[in-house]
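# Notes for the structure review
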Amino acid sequence: MQDLRIKTYTGGEASLKSEIIEKLNQSIRGKVLTPESEQYKEARTIWNAMIDKMPSLIVRCAGAADVVRAVRFASEHKLLVAVRGGGHNIAGNAVCDGGLMIDLSPMKSVRIDAKGMTARVEPGVTLGEFDREAQAFGLATPVGINSTTGIAGLTLGGGFGWLSRKLGLTIDNLISADVVTAEGELVTASETDHPDLFWGIRGGGGNFGVVTSFEFRLHKVGPEVLAGLIVHPLDAAGDVLRFYRDFIKTTPQEFVCWFVLRLAPPLPFLPSEWHGKGILVLAVCYAGDLKEGERVAKPLRSFGKPIADIIGPMPFTAWQAVLDPLLTPGMRNYWKSHDFKEVSDGLIDTLIAHARRVPDPQTEIAFALLGEGVTKVAKEATAYTHRDAGFVLNVHGRWDNPSKDEKCIGWARELFQAAAPFATGGAYVNFMTQEEQGRVQSAYGSNYSRLAALKKKYDPNNLFRLNQNIQPGK
Ligand SMILES: Cc1cc2nc3c(=O)[nH]c(=O)nc-3n(C[C@H](O)[C@H](O)[C@H](O)COP(=O)(O)OP(=O)(O)OC[C@H]3O[C@@H](n4cnc5c(N)ncnc54)[C@H](O)[C@@H]3O)c2cc1C
């Protein structure tokens, strides 16, 4: 190993002698990587190809003790620190230029306690890996809708998916977490142990420490759910979405339907004459009795003249991965997001108008239903504050050629502006880009000052600053 120049969080640079780096490497079970190391490229590459950052040092952690060591090392040398879980976050804060990256992706253990209906999950685990282990016992907890997303970043920002309307956010099912604080202490946070920290990590992102283990409550789910897609022409989207927003109010909490506006991908279940044309996709999941699900979904399936309807019983784990082919890593991605209380006429018209000039076949407008499981929780109960918003829009700009950056980003920003009058003003931190630091206060709303005080207590020097950052309070 060679001597290194490495960025500090004070804005300067530190010089690290090769012996110091070697000593760090010797002191961990995992491995220290430098730009010369074989695994360096893989470790610094994340889901969003727009992020191309070069850390000076990567500590690949094998366990909590390695995380303690890495955090103490960073603290001692005042290093700029990035923390990587699943590497999916759009903002790309999992990596940094010139600093130290704490890479948790090798920490892959999942242990299910089927009797107690709980799970112990390490921070390098992806949603698909977690679902697979829990579903071996017919159990699950609400997580996101793409199997390759990391459980760590998703949970720390809130986390929602097909089960949230009934079972709440991922954080609403968090029992405890082991956290390495900025001082390098490993503590457990729960309702009874460091309850202030437990409150903060449920929505406050990676601001307060590095989580080395999550303990979740599990629920009986599946193993089969009734799920699938209903596809309509974009020209019918206005009528279908007006029906959808009224229909959804009549359905039980087991029923969830998100929608997507995009150009039809060349998937085998879509007639070829529709490929490349504008469509509305209703993504439906009923996690309950399959026959009852058929009955509940019937009016939605009978409405209008769909191009395709592929709803049927399927394993929950398969449904959790069904959108993966449209969300592969390595593409350029730019997201904009709003929260909504309702699906108003004005919003529907705005979404459709922008769907008509979507700038790339991979770009989509995704609209998530969170529902009662999320909104019933008090906004002060956890750091995630926007409990009044039952819907979240994700303007998902996605393309592969850098020459389209301006066009695709411009389109996403325009739609974001046009949809703003119908939105609550809140924001989901997990959908925010790097340039949206100015939205962090509104993302935490009335919880912000409590979070700032907590940040001062647990991370007064803002060691964990590469995130949707909460500034330490005065
Ligand atoms: C294709 C795709 C689909 C998605 N679908 C959903 C969805 O359905 N529902 C939903 O709620 N969200 C969804 N998301 C958003 C997702 O929740 C965020 O991107 C989340 O941050 C990903 O977590 P990660 O661990 O993979 O990311 P990373 O980029 O590794 O981490 C994100 C940030 O979290 C912090 N962090 C990560 N691990 C730790 C840790 N152990 N301790 C402390 N801080 C840590 C760091 O600040 C890091 O920068 C989706 C994202 C993508 C790309």
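Above: the structure in question.
Here the structure is a predicted model, which means the values were calculated and not measured. The residue count restarts for each chain, going from 1 along the sequence in the order it is written. Totals for whole chains, interfaces and linings use all residues, but because this is a predicted model, local features are given only for residues with pLDDT of at least 70 and pairs of side-chain atoms are given and counted only at 80 or more. Only hydrogens and water are removed before side-chain values are computed, so all heavy atoms of the structure are retained for them.

## Looking at the pattern of salt bridges
Pairs can form between side chains of opposite charge once their charged atoms are near each other. What counts, and what does not: Should a side-chain nitrogen of Lys or Arg be within 4 Å of a carboxyl oxygen of Asp or Glu, the pair is scored as a salt bridge. Put simply, DSSP marks the helices as runs of H or I at least four residues long and the strands as runs of E at least two long, and each gets a number from the N terminus on. Any residue under 20% of the maximum accessible area for its type is buried, any over 50% is exposed, and the rest in between are partly exposed; the area is computed with a 1.4 Å probe on protein chains only.
Summed over the entire model, instances satisfying the criterion amount to 31 salt bridges. Ionic pairing is found between Lys-404 and Asp-360, a salt bridge with its closest N-O pair at 2.7 Å. Here the residue Lys-404 occupies a position in the loop between strand 21 (391-399) and helix 13 (405-419), and Asp-360 occupies one in the loop between helix 11 (345-355) and strand 20 (364-369), the gap between them amounting to 44 residues. Its relative accessible area of 6% is what places Asp-360 among the buried residues. Across the salt bridge formed by Glu-436 and Arg-439, the nearest N and O atoms sit 3.1 Å from each other. Per residue, the accessibility class of Glu-436 equals that of Arg-439, and both read buried. Ionic contacts of the salt-bridge type, sharing partners, join the residues Arg-242, Arg-245, Asp-246, Asp-345 and Asp-349 into one network.

## Description of helix 1 (residues 18-26)
The periodicity of an α-helix, 3.6 residues per turn, causes residues three or four places apart in sequence to face the same way. What counts is decided by this rule: As used here, the arc is the angular range of directions from the helix axis to the C-beta atoms. Between two residues, a contact is recorded if the distance between any of their heavy atoms is within 4.5 Å.
Considered for burial, the residues of helix 1 that qualify are Ser-18, Ile-21, Leu-24 and Asn-25. The buried side chains of helix 1 occupy one side of the element, clustering within an arc of 125° when seen end-on. In helix 1, the exposed residues that point more than 90 degrees away from the buried face are Glu-19, Lys-23 and Gln-26. Elements that come into contact with the buried residues of helix 1 comprise strand 1 (4-7), strand 2 (13-16), strand 3 (31-33), strand 4 (57-60) and helix 3 (64-76).

## Structural notes on unusual backbone geometry
A cis geometry characterises the amide bond from Gly-222 onward to Pro-223, with omega recorded as 5°. Within the secondary structure, Pro-223 is located in the loop between strand 13 (219-220) and strand 14 (224-233). Although it is not a glycine, Lys-78 adopts a positive phi angle of roughly 55°. If you trace the backbone, Lys-78 turns up in the loop between helix 3 and strand 5 (81-84). One non-glycine residue with positive phi stands out, namely Asn-462, at about 55°. Residue classification places Asn-462 among the buried residues on the basis of a relative accessible area of 7%.

## Notes on the packing of aromatic side chains
Put simply, the rule is: Geometry of aromatic contacts follows a simple scheme: Phe, Tyr and Trp rings, the Trp one being its six-membered ring, pair when their centres are within 6.5 Å, and the pair is stacked under 30 degrees between planes, edge-to-face over 60, tilted otherwise. Throughout this description, the term charge over a ring refers to an Arg CZ or Lys NZ atom that lies within 6 Å of the ring centre and within 35 degrees of the ring normal.
The tally for this structure, following the rule as stated, stands at 18 aromatic pairs. Relative to Phe-259, the ring of Tyr-244 lies with its centre 5.5 Å away and its plane at 85°, an arrangement referred to as edge-to-face. Of this pair, Tyr-244 sits in helix 8 (residues 237-247) while Phe-259 sits in strand 15 (residues 255-263), and the two are 15 residues apart along the sequence. Neither residue differs from the other here; Tyr-244 and Phe-259 are each classed as buried. For the pair Phe-259 and Phe-367, a centre-to-centre distance of 4.7 Å together with 15° between the ring planes defines the contact as stacked. Here Phe-367 lies in strand 20 and Phe-259 lies in strand 15, a separation of 108 residues in the sequence. Since its relative accessible area comes to 0%, Phe-259 is described here as buried. Take Phe-367: its relative accessible area is 0%, and that puts it in the buried class. Taken together, Trp-47, Phe-160, Trp-162, Trp-258, Trp-319, Trp-335, Tyr-384, Tyr-428 and Phe-431 form an aromatic cluster joined through their ring pairs. A cation over an aromatic ring shows up here: Lys-277 above the ring of Trp-274, its NZ or CZ 5.9 Å from the ring centre. Its guanidinium or amino end placed over the ring of Trp-199, Arg-450 lies 3.7 Å from that ring's centre, counting from NZ or CZ.

## What to know about the sheet that holds strand 4
Just so we agree on the cut-off: DSSP-based pairing: two strands are paired if at least 2 bridges between them are found. Helix axes are fitted only over the stretch in contact, all axes being lines through C-alpha atoms; the angle between N-to-C directions runs from 0 to 180 degrees.
In spatial order, the strands read 3-4-6-5; together these four strands make up an open sheet with mixed pairing. Looking at the sheet topology across the chains shown, the edges are occupied by strand 3 and strand 5. Strand-to-strand, the axes of this sheet are offset by a mean angle of 20°, without reference to chain direction. The pairing of strand 4 with strand 6 (residues 100-103) spans four bridges and is parallel. The residue bridging Leu-57 from the neighbouring strand is Leu-100, located in strand 6. Sitting on the sheet, helix 1 touches strand 3 and strand 4, and the angle it makes with strand 3 is about 145°.

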